[in-house]
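# Structural description and commentary
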Amino acid sequence: MAELDKPRCSWCNTANPAYVAYHDREWGVPVHDDGRLFEMLLLESFQAGLSWECILNKREAFRRAFDGFDAERIAGYGEDKLQALQQDKGIVRNRLKIRAAVTNARVFNEIRREYGSFDRYIWGFTQGNILHETGQTTSTLSDAVSKDLSRRGMKFVGSTIIYSYLQAIGIINSHEAGCWRAESPSVTSSSTF
């Protein structure tokens, strides 16, 4: 079967090679590296009100603009850098989202210090288990994570954004039935947190 002939989730735009690669190689794959966990959190927060495809198409510009998604560096951004980011045509130039990236980096680093890693914190919500569910945009899990991150001071981390984030980092596997990436559920969505 040719690569593009593989059955995929209905949302995957097969005319966009970057989107196909994201679907096939990243979405739903468990992530445990703190750098990647922060990258996806930053990108998901910028997605609010936009399509993921729009953000994905700007990913390399975001990487350049935000110093390789280095949470330590981003946490230290001052007004000059924030103003420069607002002028960067390669990224989403939303002032509130740019400022939230700095706030979120600071909170992310605080969580890393508290738990030893952000990985330990975020995967602790499911005790390391992967949930399999489709057709949802929020859940009791995304509600709980969103509430905790908001309590800690993060911005643009509503339950819908966090649900997308949990899908992106593989805590929730939402590949649709019939997609070549779908797997049999090992944990059901009826779990409580």
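Residues numbered from 1 in each chain as written. Predicted model: local features only at pLDDT ≥ 70, side-chain atom pairs only at ≥ 80, totals over all residues. Heavy atoms only, no water.

The next thing to look at is helix α7 (residues 95-115). When the terminal C-alpha atoms of α7 are compared, their 30 Å separation across 21 residues agrees well with the 30 Å that a helix rising 1.5 Å per residue should span. Three or more residues of α7 are buried, namely Lys97, Ile98, Ala100, Ala101, Val102, Asn104, Ala105, Val107, Phe108, Asn109 and Ile111. Where α7 is buried, its residues meet α2 (34-47), α5 (71-75), α6 (79-86), α8 (118-124) and α9 (140-152). Among the residues of α7, the N-terminal cap falls to Asn94, whose side-chain oxygen and the backbone nitrogen of Leu96 are separated by 2.9 Å. One or two positions beyond α7, positive phi appears at Gly116, with a value near 90°. (Helix = DSSP H or I, 4+ residues; strand = E, 2+ residues; numbered from the N terminus. Expected span 1.5 Å × (residues − 1). Buried < 20%, exposed > 50% of the residue type's maximum accessible area, 1.4 Å probe, protein only. Contact = heavy atoms within 4.5 Å. Polar contact = N/O pair within 3.5 Å; in protein donor to acceptor, adjacent residues only side chain to side chain.)

In this section: the packing of α2 against α7. Working note: a packed helix pair is described by the angle between its axes plus the distance between those axes. Packing of α2 against α7 brings their axes to within 10 Å, and their N-to-C directions diverge by 150°. The angle between the axes of α2 and α7 places the two elements in the roughly antiparallel class. For the pair α2 and α7, the sense of crossing is right-handed. Across the interface between the two elements, Asp34, Leu37, Phe38, Leu41, Leu42, Ser45, Phe46 and Gln47 from α2 touch Lys97, Ile98, Ala101, Asn104, Ala105, Phe108 and Arg112 from α7. Here the contact of α2 with α7 is built from residues that sort into 9 nonpolar, 3 polar and 3 charged. (Axes fitted to C-alpha atoms, helices over the stretch in contact; angles between N-to-C directions. Parallel < 35°, antiparallel > 145°, perpendicular 65-115°, else oblique. Left-handed = near helix turned anticlockwise from the far one by under 90°. Nonpolar A, V, L, I, M, F, W, Y, C, P; charged D, E, K, R; others polar.)

It is at 10 Å that the axes of α6 and α7 come closest, and there the two elements cross at 140°. On the basis of their axis angle, the class for α6 and α7 is oblique. Relative to α7, the crossing made by α6 is right-handed. Seen from α6, the contacting residues are Glu79, Leu82, Gln83, Leu85 and Gln86; seen from α7, they are Arg95, Ile98, Arg99 and Val102.

Within this structure, the stated rule accounts for 12 aromatic pairs. Ring plane angle 20° and centroid distance 6.1 Å describe the contact between Phe62 and Phe66, whose orientation is recorded as stacked. Residue classification places Phe62 among the buried residues on the basis of a relative accessible area of 0%. The rings of Phe38, Phe108, Tyr115, Phe118, Tyr121 and Phe125 are connected pair by pair, giving a single aromatic cluster. The positively charged end of Lys6 is found above the aromatic ring belonging to Trp180, 3.9 Å away from the centroid. (Phe/Tyr/Trp six-rings, centres within 6.5 Å; stacked < 30°, edge-to-face > 60°. Lys NZ or Arg CZ within 6 Å of the ring centre and 35° of its normal.)

Glancing now at the pattern of salt bridges. What the rule picks out here adds up to 14 salt bridges. Glu39 is paired through a salt bridge with Arg36; the nearest N and O atoms lie 3.7 Å apart. Placement of both Glu39 and Arg36 in helix α2 is noted, with a separation of 3 residues, approximately one turn of the helix. Classification of Arg36 as partly exposed rests on a relative accessible area of 23%. Arg152 is the partner of Glu114 in a salt bridge, and the nearest nitrogen-oxygen pair spans 2.8 Å. A residue pair is termed long-range when its members are at least 10 positions apart, and Glu114 in helix α7 and Arg152 in helix α9 qualify at 38 residues. In this structure Arg152 comes out as buried when scored by relative accessible area, which is 19%. One connected set of salt bridges, linked through shared partners, spans Glu26, Arg36, Glu39, Arg59, Glu60 and Arg63. (Salt bridge = Lys/Arg side-chain N within 4 Å of Asp/Glu carboxyl O.)

Right, let's get into the side chain of Lys97. Relative to the assigned elements, Lys97 resides in helix α7. In this structure Lys97 is buried but unpaired, with Glu44 as the nearest side chain of opposite charge at 10 Å. Lys97 has contacts with Ser45, Phe46, Gln47, Ala48, Leu50 and Phe156, leaving out every residue within four places of it along the chain. (Lys, Arg positive; Asp, Glu negative; His and termini not counted.)

So, on to the confidence of the model for the protein chain. Taken residue by residue, the protein chain gives an average pLDDT of 93. The fraction at 70 or more is 92%. The low-confidence segment residues 184-193 (pLDDT under 50) makes 18 contacts with residues lying over four places distant or belonging to another chain. (pLDDT = per-residue confidence, 0-100.)

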